[in-house]
Every structure is written in C-alpha cells, then in structure tokens.
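Given next are the chains, with one letter for each unit.
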Amino acid sequence: MTARHPGRPPAYPDPDAHLLALLRAGDEQAFVLLVRRYRPSMLRLAAAYVPSRAVAEEVVQDAWLGFLRGLNRFEGRSSVRTWLFRILVNRARSARSKELRSTAVADLSATVDAARFDASGGWASPPQCWTDLVDDRLVAQQMADAVAVAMGDLPDRQRAVVTLRDVEGLSSQEVCSVLEITEANQRVLLHRGRSRLRQLLESQFGGA
Amino acid sequence: MQLHLPARRELVCQQVVELVTDYLEGALRPAARRRFERHLAGCEHCTEYLIQIKATIAVAGRITPEDLTAEMRAEFTELFRRWRDEDNDD
C-alpha cells in the first residue's frame, strides 16, 4: 500500500478539480453536478450517525452549505471529496444522535458461515461462481443495484467504511482521517462489510 | 516425528477467508503473507473466494448515483444561490 500522509496533496489528480474551479467562479451547474455525484454516499454516511432518513437529509443539506462556505478557504491539501466527507461527518457527529466511535470493534466472529466448512476447516460448500457474469453489462448493473440496496442493511460503521473505500474509492488513510478511526479498525470493518456483500452476490447470482 | 509437526502449521480455508482483507490491504507480515499465498496456490476454492471479494469491490465501485429529481435540483440550486448572495454581501 502506498503511504499517503493526511495533510499532503493526494498523489493522484483530484477528479473534482475542474468542478471546483467552476464553483469558485459561481457556476451553479457545477454545483448540481457535484451534488448529484456525492449525495448518495453522503446519505449513506450520514445514516450511520443519525436516527432517521429525514435527519440524514438535513445533515447532508447542512454539509453542502458548509462546503460552499468553506470554498474560499479550501487549499487542496486533500481531495475535494475527502474534504466534503469530512465536513459531512463533522456535521453528522454534532447532530449527535448516535455515536459511531463509541462502539468498540469487538465482533471478531467469522464472516463466512461456519457450516460451509468441514471439521478440518476446509470448504465443504465451496463458493458458487458468479464473477463471470460481470462481463454482461445488464447483469453487472443488476449486481450494482443489489449491492446498493444491501449497503443499507450493513451495520452503520461497515456501511460508512465500504461506502468511502469501495464505492467512492478513497484510500485507507483518507477513510481513517474522515471517520477518525484507526487503520486496524478500518480493516476489520471493511472486511466484515465486503464479506457480507460478497455473500449477497453469491446468493443472488451464484451457481447459474 | 518432526516431519509431522511443522514449526508453522499451514492455514486452513476457514482461516484464509478471514485474512483476505488484510492480504489485499498489504497488512500481513511477510511470513503470514507467504503462508496465505502458499495456501491459495493449492486451493482453487479459496482462490475463487479471493476473486469474488475483488469482484465485489469492483461491483461496489459501479454503483452509480441516480439523477436528481427536478425538485432536488431546484432545492440545491436555491441553496447555491443563497450562498452566492451571502458571499457577495461580504
């Protein structure tokens, strides 16, 4: 893994740099594009902290306003989206209905059903194949839709980490900085979240 | 007897599936990484499992946001204008 330090510019070009320039010039179309792009992930993330969809919507609105108000101070030390997600998490946290950090990562139970292994720990019921199907664009879209729905059922912190890492493609360092969790916790949450989503895809599309 | 008691036992499938994320994150120590890879080399099911986890990550990356409704578009445009106006007041 490449070591990136929080506070330094990302090693890759920021995909939103162009929109940022337009926003600063007062282009409202650029803003709508950015909202369209990030609102779903922001909602998923906000839902990890607040009790209802309605409150999550409010937090997202509030975060966008905070984002706009901070535009002139933004120095590009992180990517636009990392900064945006950080604002969101701060707002969601101050809404303070649930506390994401307070629950310890204590759950170390197996992520794959123990019934699928034999007494010696080898596969008794091996994974059913489904990955070939992603070549079919239509099926790939159905899979993405199924995962999007299943994300809603993940435990809060798993959803937050998987959204940032796998849906948005942030680095592990960026995720840790946005959510204020350790690398080790991030890995545990990511592992549990991904395992569940894999199981879902296997159940729905495996063995065809 | 020593032949039957290797210093480091080989991993079994049930352990391998729990190490997949640490492996992909580059968080395994070199010795653990070698054991993991040694197991994969001889186990088609765990290899398939790793492929599926990677495919799951790829599928999650394909989630595309829906278009904003006309109502939301108007709402956010309004938010933007409000900000632009307050900005001009400074």
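Residues numbered from 1 in each chain as written. Chains lettered and ligands numbered in written order. Predicted model: local features only at pLDDT ≥ 70, side-chain atom pairs only at ≥ 80, totals over all residues.

J.: Looking at this model, I keep getting lost on the overall build of chain B. Mind explaining?
T.: Broken down by element type, chain B carries 4 helices and 0 strands. Its helices and strands in sequence order give chain B the pattern α-α-α-α, from N to C terminus. Within chain B, buried positions represent 19% of all 90 residues. (Helix = DSSP H or I, 4+ residues; strand = E, 2+ residues; numbered from the N terminus. Buried ≥ 20, exposed ≤ 12 C-beta atoms within 10 Å, placed from the backbone.)

J.: Which parts of the structure should I look at to understand unusual backbone geometry?
T.: For residues that are not glycine, phi is negative in most cases, and the peptide bond is trans in most cases. Residues and elements named next belong to chain A. The backbone of Glu 180 shows a phi angle near 55 degrees, a positive value even though the residue is not glycine. Tracing the backbone through its elements, the reader meets Glu 180 in the loop between α7 (172-179) and α8 (183-205). In this structure Glu 180 comes out as partly exposed when scored by C-beta crowding, with 13 C-beta atoms within 10 Å.

J.: Looking at this model, I keep getting lost on the interface of chain B and chain A. Mind explaining?
T.: Accessible area lost upon the coming together of the parts is a frequently used measure of interface size. Contacts between chain B and chain A engage 36 residues on the former and 46 residues on the latter. Secondary-structure elements contributing two or more residues to the side of chain B that touches chain A are α1 (13-24), α3 (44-61) and α4 (70-89) of chain B. For the side of chain B that touches chain A, the element with the most residues is α3(B), which contributes 12 residues. Across the side of chain B that touches chain A, the residue classes break down as 18 nonpolar, 9 polar and 9 charged. (Contact = placed C-beta atoms within 7 Å. Nonpolar A, V, L, I, M, F, W, Y, C, P; charged D, E, K, R; others polar.)

J.: Explain the domain arrangement of chain A to me, please; I cannot follow it from the model alone.
T.: All names here are of chain A. Split into domains, chain A comes out as domain 1 (17-95) and domain 2 (114-205). Between the C-alpha centres of domain 1 and domain 2 there is a distance of 25 Å. Counting residues at the interface gives 9 residues for domain 1 and 13 residues for domain 2. Where the side of domain 1 that touches domain 2 is concerned, the elements lending two or more residues are α2 (28-46) and α4 (80-95). The dominant element in the side of domain 1 that touches domain 2, judged by the number of residues it contributes, is α4, at 5 residues. (Domains from an automatic or database assignment.)

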